[in-house]
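Next come the chains, spelled out residue by residue.
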Amino acid sequence: MTVITVKTKAFLDQKPGTSGLRKKVKQFQVQHYLENFVQSIFSAVEFPENATLVVGGDGRYYNKEAIQTILKMAAANGIKRVLVGQNGLLSTPAVSNLIRKYECVGGIVLSASHNPGGPNGDFGIKFNAANGGPALERVTDSIFTVTKSITEYQILESDDIDLHTLGCSSLGDMEVEIIDPVIDYVKMMEDLFDFNAIQTMIAGGFSIKFDAMHAITGPYAKAIFEERLGAEAGSVINAVPLTDFGGGHPDPNPVYAKTLVEHMFSETAADFGAASDGDGDRNIILGKGIYVAPSDSLAILTANAHIAPAYKNGISGAARSMPTSMAVDRVAADLGVPCFETPTGWKFFGNLLDANQITICGEESAGTGSDHIREKDGIWAVLLWLNILAVTQKSVKQLTTEHWRKFGRNYYSRHDYEGIDKAAANKLMNDLRSKLDQFPGRCFGLEQIQKADDFEYCDPTDNSVTSGQGVRIIFESGCRIVFRLSGTGTDGATLRVYLERYEGDISRTELETQDALAEMILIADQIADLSTLTGMDKPSVIS
Ligand code: G1P
Ligand code: ZN
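Residues numbered from 1 in each chain as written. Chains lettered and ligands numbered in written order. Predicted model: local features only at pLDDT ≥ 70, side-chain atom pairs only at ≥ 80, totals over all residues. Heavy atoms only, no water.

Comments concerning the site of ligand 1
Basically, it comes down to this: Being near a molecule or strand, for a residue, means having at least one of its heavy atoms within 4 Å of it. Pairing of N or O atoms within 3.5 Å defines a polar contact, subject to two protein rules: one partner must be a possible hydrogen donor and the other a possible acceptor, and residues neighboring in sequence count only if both atoms are side-chain atoms. Each accessible area value is a Shrake-Rupley result obtained with a 1.4 Å probe; residue values ignore everything except the protein chains displayed when judging cover. Gly is put with the polar residues, along with every residue not named as nonpolar or charged; the nonpolar set is Ala, Val, Leu, Ile, Met, Phe, Trp, Tyr, Cys and Pro, and the charged set is Asp, Glu, Lys and Arg.
Lining the immediate surroundings of ligand 1 are 15 residues, of which T18, S365, G487, T488 and R496 lie closest. Residue S365 places a side-chain N or O atom 2.6 Å away from an oxygen atom belonging to ligand 1. Between ligand 1 and the protein, one listed contact pairs an oxygen atom with a side-chain N or O atom of T488 at 2.5 Å. Bound to the protein, ligand 1 loses 99% of the 380 Å² it would expose on its own. Each residue belonging to the shell around ligand 1 can be placed in one class, and the counts come to no nonpolar, 8 polar and 7 charged.

Quick look at the structure:
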């Protein structure tokens, strides 16, 4: 087996976005496209000798092919050992756990998260660092710098590795170990939660419906909920990971997880419903006749985390991404711990978690997690909910409505305008930015703007500054509207409009969300001229 050097030309569009490099599968299949990015990781990151890497993905189309290429390039670039999930499968949280548990130098995750898969779908590649979390901006920036001037890459000439058989083999001088993707993850969950309490609740008749959306969490969910905790066979639906997610869109929101949501609002609803996304880091939570908004879920989990063994001593702090509702801020204040506001994307939580400034964090986009790993974690969120329900003996609805009665309710919704023209999207954002100074003091109906800015974050642990993270319009009443462009889409641009209104009157905490936000929705349109500039009379997804 020999290492060969292949001449290549730089692609100028390999800038990692909110979560790694995401493009159409067809783009990744262009000759040298994947290889250039992989080589840029190996060139930009200084790996020590004897480095062990973790490699795995969500099983989407092109996963196995990409893994073969990455393994051959890792061998050619002097990596000593690679842990690969069997059949190339590993959920994102499982990768994070393996990196930490086995003290690896990092990992390469193949996924486009919640984006559709298949030959015409999306693919993605993300580098995670030794703490198990997505590489920080300075690392992704240096990877991007290499991609812009790359002229050659190294790859081992060899046959493909058998990704199915568990155990070790060698690829040149590198050792490849094919591992069970589920075992270590289940062990970690057993250490964090009171499995006995959950098991007893389930044995007492508590029913679960978990939609794995034909994505990566199927095998994890079956092992944990059905085999370990005793949920009835069939509690996990769409459990087999498919390369195209069965033609679905593996994003657990009320639109794409419609079947589950309909079930949870039906006569025959289970006691608890949940779903996860393509790579297993997102979650949605439902009870009989109730959908828990992710921002509320974050707040409720923060308020009750101490019930689970892992957090019995309380939490050091909480964090949320800027557009996430401020419900968790109220809980943190009540607990007397700090609450941080970070830019969108999990990578910004890593430093805070490493410095033990926070224990729990989350995003409105259905991501919640804790200091157990450095990624958000769908199944973890489900288990923490189940642990809380088992100990408190409350239903999802009861826990949620009691939470609102104690803290008030942050009505919250995100309106997405997908696939709009990039130039129009940039114009909309630039128009808003140019008017920031003129906003304070302006009135819309009874609402007066107090403050308008383009969010900038200074990381308290290393003082790094990240700017241009979204336009915030904050009203005297505490209502907020946030405008930002997605950093993960692959078709045109996606504009996200985040709307929030706090209701402190506890007799008014059970209104329909869109009704409660009706005025904010109108104001957002007036402020940004949404319908004209997007060319759409309503958002494509409301979550
Ligand atoms: C989206 C979500 C964000 C999340 C990211 C990766 O990014 O909004 O919260 O961290 O996916 O899962 P966006 O497309 O908004 O840049
Ligand atoms: Zn994801």
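Once the structure has been displayed, the description carries forward.
Focus on the coordination of the zinc ion (ligand 2)
Threshold: Any nitrogen, oxygen or sulfur atom within 2.8 Å of a metal ion counts as a donor, with the limit raised to 3.2 Å for Na, K and Ca, and since water is left out, coordination shells can look unfinished. Here the metal geometry follows the donor angles, with tetrahedral for four donors whose angles all fall between 85 and 135 degrees, square planar for four and octahedral for six when opposite donors are more than 155 degrees apart and every other angle is between 65 and 115, and irregular for all the rest. We call a residue buried when its accessible area falls under 20% of the maximum for its residue type, exposed when it is over 50%, and partly exposed in between, using a 1.4 Å probe and counting protein chains only.
The coordination sphere of the zinc ion (ligand 2), as far as protein atoms go, consists of S113 (OG), D277 (OD), D279 (OD) and D281 (OD), spread over 2.0 to 2.1 Å. Coordination geometry of the zinc ion (ligand 2): the 4 donor atoms subtend angles of 86 to 163 degrees at the metal centre, consistent with an arrangement described as irregular. Written as a sequence motif, the donor residues of the zinc ion (ligand 2) are S-x163-D-x1-D-x1-D. Here the two residues D277 and D281 agree in accessibility, since each one is buried.

Details of the pattern of salt bridges
What counts here: Any Lys or Arg side-chain nitrogen found within 4 Å of a carboxyl oxygen on Asp or Glu counts as a salt bridge. We count a stretch as a helix when DSSP gives it H or I for four or more residues in a row; a strand needs E for two or more, and each element gets its number in order from the N terminus.
Scanning the model with the defined rule gives 37 salt bridges in all. Where E152 meets K7, a salt bridge forms, and the shortest distance between an N and an O atom there is 2.8 Å. One end of the pair, E152, is in strand β7 (residues 152-157); the other, K7, is in strand β1 (residues 2-7), and 145 residues separate them in sequence. For K7, a relative accessible area of 59% corresponds to the exposed category. A salt bridge links R501 to E503; the nearest nitrogen and oxygen atoms lie 3.3 Å apart.

Considerations on the side chain of R60
Rules: Throughout, a contact is declared for two residues whenever any of their heavy atoms are within 4.5 Å.
Here R60 lies in the loop between β3 (52-57) and α3 (63-76). Separated by 2.9 Å, the side chain of R60 and the backbone oxygen of S113 make a polar contact. The residues contacting R60, other than those within four sequence positions of it, are S111, A112, S113, N115, P116, G117, D122, F123, T243 and F245.

Considering the sheet that holds strand β5 (residues 106-110)
In any sheet, the strands associate via hydrogen bonds between backbone groups, in a parallel or an antiparallel arrangement. Filter applied, for reference: The pairing criterion for strands is at least two bridges between them, as found by DSSP. Each axis is a line fitted through C-alpha atoms, and for a helix only the stretch in contact is used; angles between axes span 0 to 180 degrees, taken between their N-to-C directions.
Read from one edge to the other, the open sheet built from 7 strands follows the order β2-β6-β5-β3-β4-β9-β8, with strand pairing classed as mixed. Only two strands of the sheet have a single neighbouring strand rather than two, namely β2 (21-24) and β8 (167-171). Geometrically, the sheet is characterised by an average inter-axis angle of 20 degrees between neighbouring strands, direction not taken into account. Looking at chain direction, β8 and strand β9 (residues 174-179) are connected through 5 bridges and run antiparallel. The residue of β9 that forms the bridge with L171 is M174.

What to know about helix α11 (residues 327-335)
Put simply, the rule is: Throughout, the arc means the angular range of directions from the helix axis out to the C-beta atoms.
Residues of α11 that are buried: A327, V328, V331 and A332. An end-on view of α11 places all buried positions within 135 degrees of arc, on one side of the element. Taken together, the buried residues of α11 touch α10 (294-304), β15 (318-321), β16 (339-342), α14 (396-407), β19 (409-420) and β26 (493-503). Note on α11: the residue one or two positions beyond its end, G336, has a positive phi of about 75 degrees.

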